[in-house]
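Next come the chains, spelled out residue by residue.
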Amino acid sequence: MPARHQSRRRALQILYQWDMRQPLLSLEDATRAYYATLYSDDYEERPPWDEFMDQLTHGALKHLEELDALLDRHSQNWRVARMSYVDRNILRLAAYEMIHTDTPAPVVIDEAIELARRFSSDESVGFVNGVLDALRRQLNQK
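Bear in mind the structure is a predicted one, so any value in this text is a computation, not a measurement.

A.B. asks: Would you mind going over the packing of aromatic side chains in detail, with residue names and values included?
C.D. replies: In total, this model carries two aromatic pairs according to the counting rule given. With 6.3 Å between their ring centres and 85 degrees between their planes, Tyr 16 and Tyr 85 make a pair best called edge-to-face. With Tyr 16 in helix α1 (residues 4–21) and Tyr 85 in helix α5 (residues 85–100), this pair connects stretches of sequence that are 69 residues apart. Residue Tyr 16 is classed as partly exposed on the basis of its relative accessible area of 33%. Here the guanidinium or amino end of Arg 4 rests over the ring plane of Phe 52, the centre of that ring lying 3.9 Å away. Residue placement shows Arg 82 over the ring face of Trp 78; its charged tip is 4.5 Å from the ring centre.

A.B. asks: Just give me the short version of the pattern of salt bridges, but keep the residues and values in it.
C.D. replies: If you walk through the whole model with that rule in mind, you get ten salt bridges. Where Glu 97 meets Arg 8, a salt bridge forms, and the shortest distance between an N and an O atom there is 2.7 Å. You can see Glu 97 sitting in helix α5 and its partner Arg 8 sitting in helix α1, a full 89 residues away along the chain. Taken as a pair, Glu 97 and Arg 8 share a single burial class, namely buried. Here the residues in one salt-bridge network are Asp 19, Asp 68, Arg 88 and Arg 92, joined through shared partners.

A.B. asks: So what's going on with helix α7 (residues 122–141)? Residues and values would help.
C.D. replies: Relative to the 28 Å expected for 20 residues at 1.5 Å per residue, α7 spans 30 Å between its end C-alpha atoms, a close match to the ideal helical length. Next to the buried residues of α7 lie α4 (64–74), α5 and α6 (105–119).

A.B. asks: Tell me about the packing of α1 against α5, and please be specific about residues and values.
C.D. replies: Between α1 and α5, the shortest axis-to-axis distance is 9 Å and the interhelical angle comes to 130 degrees. With respect to α5, the axis of α1 lies oblique. Judged by the sense of rotation from one axis to the other, the crossing of α1 with α5 is right-handed. Note on element contacts: α5 touches α1 through Tyr 85, Val 86, Arg 88, Asn 89, Ile 90, Arg 92, Leu 93 and Glu 97, opposite Arg 4, Arg 8, Ala 11, Leu 12, Leu 15, Tyr 16, Trp 18, Asp 19 and Met 20. Residues belonging to the contact of α1 with α5 are distributed by class as follows: ten nonpolar, one polar and six charged.

A.B. asks: Pulling in residues and values, what's your account of the nonpolar core?
C.D. replies: Soluble globular proteins tend to pack their nonpolar side chains together in the buried interior. Ranked by size, the top nonpolar core spans 41 residues in total, and within it Ile 90, Leu 91, Leu 93, Met 98, Val 128 and Leu 132 carry the most contacts. The set of elements that each furnish at least two residues to this core consists of α1, α2 (27–41), α3 (51–62), α4, α5, α6 and α7.

A.B. asks: Describe the side chain of Asp 50, listing the residues and the values that go with them.
C.D. replies: When you line up the elements, Asp 50 lands in the loop between α2 and α3. By relative accessible area, Asp 50 is classed as buried at 0%. At a separation of 3.3 Å, a polar atom in the side chain of Asp 50 contacts the main-chain amide nitrogen of Phe 52.

A.B. asks: How would you summarise the side chain of Arg 92 if you had to cite specific residues and measurements?
C.D. replies: Considering the arrangement of structural elements, one finds Arg 92 in helix α5. Side chain to side chain, Arg 92 and Asp 68 meet in a polar contact 2.8 Å long. Only 3.2 Å separates the side chain of Arg 92 from the side chain of Asn 89, close enough to count as a polar contact. Not counting residues within four places of it along the chain, the set of residues in contact with Arg 92 comprises Trp 18, Asp 19, Ala 60, Leu 64, Leu 67, Asp 68, Leu 71 and Val 80.

Cut-offs used in this document
- Residues numbered from 1 in each chain as written.
- Predicted model: local features only at pLDDT ≥ 70, side-chain atom pairs only at ≥ 80, totals over all residues.
- Heavy atoms only, no water.
- Phe/Tyr/Trp six-rings, centres within 6.5 Å; stacked < 30°, edge-to-face > 60°.
- Helix = DSSP H or I, 4+ residues; strand = E, 2+ residues; numbered from the N terminus.
- Buried < 20%, exposed > 50% of the residue type's maximum accessible area, 1.4 Å probe, protein only.
- Lys NZ or Arg CZ within 6 Å of the ring centre and 35° of its normal.
- Salt bridge = Lys/Arg side-chain N within 4 Å of Asp/Glu carboxyl O.
- Expected span 1.5 Å × (residues − 1).
- Contact = heavy atoms within 4.5 Å.
- Axes fitted to C-alpha atoms, helices over the stretch in contact; angles between N-to-C directions.
- Parallel < 35°, antiparallel > 145°, perpendicular 65-115°, else oblique.
- Left-handed = near helix turned anticlockwise from the far one by under 90°.
- Nonpolar A, V, L, I, M, F, W, Y, C, P; charged D, E, K, R; others polar.
- Core = buried A, V, L, I, M, F, W, Y, C linked by side-chain atoms within 4.5 Å.
- Polar contact = N/O pair within 3.5 Å; in protein donor to acceptor, adjacent residues only side chain to side chain.

This is the structure we're talking about:
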């Protein structure tokens, strides 16, 4: 099984591809297309299935309305629909993981910040941190 960091990176790339091409591309098709690039770029043989990546992508889409509503509430003056594809999918994955898995919130936030550093802009790092920290505070109040 790949490291969770790698699983999160893969999940982001799959959700990004799905989000850019929906409704024409299903999550399954986006996942297959992503795995085809892994097979050709990184591996001589078919890579093992990434169960954590699969949990993140399917979970984020299953709870998409709930996650987007929470993110809208915690991102001051930004609606999810107006966010960049990368930023909104980083936030969706992190919110899903924070709410629906046992991963500690600080770990989720750190991983999301790393994804923003790698795949988005310097401004996005602070934005992702602020939204997820606000979500973490709300969850801690429950």
